[in-house]
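# Working through the structure, step by step
Here is what each chain is made of, one letter per residue.
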Amino acid sequence: MAEPLDDYIDAVSKALTLPVEEAWRPAVRANLEVSLRLGRLVDEFALPDETEPAPIFTA
Amino acid sequence: MTAKPEMTASEIASAVARGKMSALDATEAALARIKQHDGVFNSFTDLTDDRARAKARAVDADIAAGKTVGPLAGVPFAVKNLFDVAGLPTRAGSKINRDLAPSKRDATLIERMEAAGAVLVGALNMGEYAYDFTGENVHDGPSRNPHDTTRMAGGSSGGSGSAVGGALVPIALGSDTNGSIRVPSSFCGIFGLKPTYGRLSRARTFPFVASLDHLGPFARSVTDLALAYDAMQGPDADDGACTTRGLEPTLPLLANPVSDLRIAIAGGHFQKNVFPEAVEAVSRVAKALGATRVVDVPEASRARAAAYVITTTEGASLHLDRLRKRPNDFDPAVRDRLIAGAMVPAPLVDRAQKFRRWYRAQFAEIFKSVDVLIAPATPCTAPKLGQVNFNLDGVELPVRANIGIHTQPISFIGLPVVAVPVPLEPLPIGVQIIAAPWREDIALRVAHALEKMGVVAAPSPKGF
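Residues numbered from 1 in each chain as written. Chains lettered and ligands numbered in written order. Predicted model: local features only at pLDDT ≥ 70, side-chain atom pairs only at ≥ 80, totals over all residues.

### Here we look at the overall build of chain A
The condition is simple: Numbering goes from the N terminus for both helices and strands, where a helix is a DSSP run of H or I of at least four residues and a strand is a run of E of at least two. The exposure scheme places C-beta atoms from the backbone and then counts, for each residue, the other C-beta atoms within 10 Å of its own, assigning buried at 20 or more, exposed at 12 or fewer, and partly exposed in between.
Regarding its fold elements, chain A presents two helices and zero strands. For chain A, buried positions account for 22% of its 59 residues.

### Focus: the overall build of chain B
Which entries qualify depends on this criterion: Atoms considered for the radius of gyration are the C-alpha atoms alone. The globule rule reads 2.2 Å times the number of residues to the power 0.38. For every residue pair, C-beta atoms are placed from the backbone, and the pair is scored as a contact if these atoms sit within 7 Å.
Along its length, chain B carries 14 helices and 15 strands. Radius of gyration (C-alpha) of chain B: 20 Å, near the 23 Å computed for a compact globule of 464 residues. Overall, the C-alpha framework of chain B stretches about 60 × 55 × 45 Å when taken along its three principal axes. Counting only residues that meet the buried cut, chain B has 62% of its 464 residues in that class. Considering only contacts within chain B whose residues lie at least 6 apart along the sequence, 77% involve residues at least 24 apart.

### Describing unusual backbone geometry
Residue and element names in this part refer to chain B. Backbone torsion omega between G155 and S156 reads 10 degrees, so that peptide bond is classified as cis. Of note, S156 is situated in the loop between β5 (148-152) and α5 (158-165). The omega angle of the peptide bond from E425 to P426 is 5 degrees, so this bond is cis rather than trans. For P426, the position within the fold is in the loop between β14 (417-422) and β15 (429-435). Although it is not a glycine, E299 sits at a positive phi angle of roughly 65 degrees. Topologically, E299 is positioned in the loop between β10 (294-295) and α9 (300-325). Of note in the backbone geometry, W438 takes a positive phi value of approximately 70 degrees without being a glycine. Relative to the helices and strands, W438 is located in the loop between β15 and α14 (440-453).

### Points about the confidence of the model for chain B
This is how it is decided: Note: pLDDT gives the predictor's confidence per residue, expressed from 0 to 100.
Across chain B, the average pLDDT comes to 97, with 100% of residues at or above 70. Across the whole predicted complex the pTM is 0.96, and at the interface the ipTM reaches 0.84.

### Quick look at the pairing of strand β9 (residues 263-266) of chain B
Where a strand is regular, its side chains alternate between the two sheet faces. Residues and elements named next belong to chain B. Definition in use: Following DSSP output, two strands are said to pair if at least two bridges run between them. Orient the strands so they point away from the viewer; a crossover is then right-handed if the path from the first strand over the helix to the second runs clockwise.
Pairing analysis gives three bridges linking β9 to strand β11 (residues 372-376), with the strands arranged parallel. When the bridges of β11 are listed, A264 appears paired with L373. With helix α8 (residues 276-289) bridging β9 and its parallel neighbour β10, the resulting β-α-β unit is right-handed.

### Concerning the interface of chain A and chain B
The cut-off we apply is this: Only Asp, Glu, Lys and Arg are considered charged in this grouping, and only Ala, Val, Leu, Ile, Met, Phe, Trp, Tyr, Cys and Pro are considered nonpolar; every other residue, Gly among them, is considered polar.
At the interface, 29 residues of chain A touch 37 residues of chain B. Counting residues per element, the ones that place at least two in the side of chain A that touches chain B are α1 (6-15) and α2 (25-43) of chain A. At 10 residues, the largest contribution of residues to the side of chain A that touches chain B is made by α2 of chain A. Here the side of chain A that touches chain B is composed, by residue class, of 21 nonpolar, six polar and two charged.

### So, the sheet that holds strand β6 (residues 171-176) of chain B
All names here are of chain B. Spatially, β1-β3-β2-β6-β8-β7-β14-β15-β11-β9-β10 is the arrangement adopted by the 11 strands of the open sheet, whose pairing is mixed. Every interior strand has two partners, whereas the edge strands, β1 (44-47) and β10, have only one. Bridge count for β6 against strand β8 (residues 214-219) is six bridges, and the pairing is antiparallel. Residue pairing across strands places I171 opposite A219, the latter belonging to β8.

### Description of the packing of α9 of chain B against helix α11 (residues 346-366) of chain B
Residue and element names in this part refer to chain B. Selection criterion: Here an axis means a line fitted to C-alpha atoms, over the contact stretch when the element is a helix, while the angle between two N-to-C directions is reported on a 0 to 180 degree scale. Working rule for angles: under 35 degrees goes down as roughly parallel, over 145 as roughly antiparallel, 65 to 115 as roughly perpendicular, anything else as oblique. In a left-handed crossing the near helix is turned counterclockwise from the far helix by less than a right angle, and in a right-handed crossing that turn is clockwise.
Relative orientation of the contacting elements α9 and α11 amounts to 135 degrees, with a least axis distance of 9 Å. Comparing the axis directions of α9 and α11 gives the class oblique. Crossing angle aside, the handedness with which α9 passes α11 is left-handed. For the pair α9 and α11, contact is made by R302, A303, A306, V309, I310 and T313 and by L348, V349, A352, Q353, F355, R356 and Y359, respectively. Residues of the contact of α9 with α11, tallied by class, amount to nine nonpolar, two polar and two charged.

### Thoughts on the pairing of β11 of chain B
Residue and element names in this part refer to chain B. For β11, the buried fraction is high: five of the five residues fall into the buried class. Burial along β11 is two-sided: V372, I374 and P376 facing one way and L373 and A375 facing the other are all buried. In terms of strand pairing, β11 meets β15 through five bridges, oriented antiparallel. Counterpart to V372 in the pairing with β15 is A435.

### Some details on the environment of R112 of chain B
Residues and elements named next belong to chain B. Structurally, R112 is set in helix α4 (residues 108-115). Overall, R112 belongs to the buried group, with 22 C-beta atoms counted inside 10 Å. Along the primary structure R112 and L253 are separated by 141 residues, whereas in three dimensions their C-alpha atoms are 21 Å apart. With near-sequence residues (within four places) excluded, R112 lies in contact with A231 and M232.

### Focus: the packing of α9 of chain B against helix α10 (residues 332-342) of chain B
All names here are of chain B. The interhelical angle for the contact between α9 and α10, taken along N-to-C directions, is 110 degrees, at an axis separation of 8 Å. Comparing the axis directions of α9 and α10 gives the class roughly perpendicular. Two secondary-structure elements touch here, α9 through T312, T313, G315, A316, H319, L320 and L323 and α10 through R335, R337, L338, I339, A340, G341 and A342. A breakdown of the residues in the contact of α9 with α10 according to their chemical character gives seven nonpolar, five polar and two charged.

### Observations regarding helix α7 (residues 222-232) of chain B
For α7 of chain B, the buried fraction is high: 11 of the 11 residues fall into the buried class. Those residues of α7 of chain B not exposed but buried are V222, T223, D224, L225, A226, L227, A228, Y229, D230, A231 and M232 of chain B.

### A closer look at the environment of E3 of chain A
Along the chain, E3 of chain A turns up in the segment before α1. By the C-beta count within 10 Å, which is 13 here, E3 of chain A ends up partly exposed.

### A closer look at the environment of A281 of chain B
Residue and element names in this part refer to chain B. Relative to the helices and strands, A281 resides in helix α8. Spatially, the C-alpha atom of A281 lies 9.4 Å from that of V455, the residues being 174 residues apart in sequence. Non-local contacts of A281, meaning those with residues more than four positions away in its chain, are made with P376, V422, L424, I429 and V431.

Listed below in structure tokens is the structure:
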């Protein structure tokens with residue numbers, strides 16, 4: 001059975017012309033799941049609309 | 001006077017400047033020790049013998065001619081192999097970069113160390129492209145822990161930790177994006193300084209995550225750390241993130257008292273996910289400093305998550321073309337993480353950068369009533385090489401991703417940190433001394449006080 005993220009991985013792989021061999025897929029999927037889980041933590045945090053990003057950070 | 005293995009940089013420089021020892025003797029002693037022991041430590045990937053001898057002779061010639069020499073005269077040092085070294089391809093722990101043309105010019109920090117009289121003896125092993133906390137490398141083999149060679153040196157600056165922990169050189173340079181100076185310092189039982197983001201130039205070093213990359217020194221004493229750090233400070237137009245602040249020397253301030261400083265223990269996230277040895281280390285440091293106040297750092301776990309997102313996506317962006325053209329030449333574990341990073345939706349990255357601003361403001365509030373925060377550098381002492389999981393707070397977690405759990409929320413906003421080694425038996429472990437932005441002087445001063453009290457010290461590598 002296809003994993004939920006597999007279609008997404010295929011689509012982005014194609015869009016970025018970034019090869020993902022079948023043998024790598026489970027590890028790529030596992031890493032992506034971690035990234036998205038941590039990304040959700042960031043996503044869930046409400047920030048004011050005016051918040052500036054920090055592309056060149058000044059401490 | 002002959003060079004002894006654990007002579008500090010300041011002892012060597014003093015002996016050389018006073019004509020008690022030649023720079024060439026100090027250099028030959030380091031080269032001999034590297035050749036004797038590095039077959040086990042595996043910390044060096046390149047030796048620059050000829051260059052080192054030429055530099056040492058030049059220092060000795062200056063002394064013979066009565067010229068003033070720098071504060072690091074004749075001090076051997078080595079650099080993580082992501083620093084450009086003239087004549088070497090900058091491999092950055094990879095197989096792919098070995099095909100690069102040899103560098104034409106040294107990294108700025110090497111130039112500054114050598115301008116102070118130091119002698120570059122080689123380049124050091126590291127985790128591939130710095131995406132690593134273990135010090136393991138599939139191409140070059142693992143850097144080994146000098147206190148137990150079956151254990152990790154920590155990463156990604158594993159060779160830097162191993163070489164200084166093993167007393168092969170008194171000073172090494174490394175990089176820290178999420179903990180890569182502080183983790184090897186902790187595992188190898190040495191001092192490491194991750195300065196404020198933007199303080200030291202990164203010019204002519206191979207990048208990883210431009211938003212988070214820092215460079216800094218490792219040493220066996222706080223004085224040596226300050227010596228190297230002071231020698232490397234200063235603006236540099238070749239690094240767009242480098243500060244324009246003038247030099248702010250720390251060495252003259254090291255011995256100032258710490259009794260006027262407001263020192264607190266970082267709570268919340270920093271008191272969770274720790275093994276007993278990390279608790280013991282923080283407790284010893286806090287007790288010595290009389291620190292009892294615990295300050296909660298809001299949203300530190302989320303800060304770690306945001307650092308993770310920025311790291312994986314900027315890393316993926318950096319390596320995108322190499323992932324397309326030479327995927328099989330990467331460490332498979334690094335490749336698969338980077339490919340996944342390329343697939344993270346852009347809004348999450350933007351939100352992570354915005355969250356960084358918010359989190360920085362929380363620390364600005366904390367630093368209104370606190371000068372120094374104490375936190376673990378790693379959750380545990382050095383794991384076994386190849387160890388995959390550990391049990392953290394009752395949860396089985398991957399070692400590799402979680403070693404930096406306490407360092408990431410700090411480098412995320414670029415705070416200066418000195419990692420100090422608590423010499424527990426059988427293995428040392430580090431504690432982070434965290435100061436407000438641009439106050440490296442305070443972190444170093446506290447580290448120096450702890451060193452004087454005998455609470456922190458770089459243990460001798462037994463059997464070497």
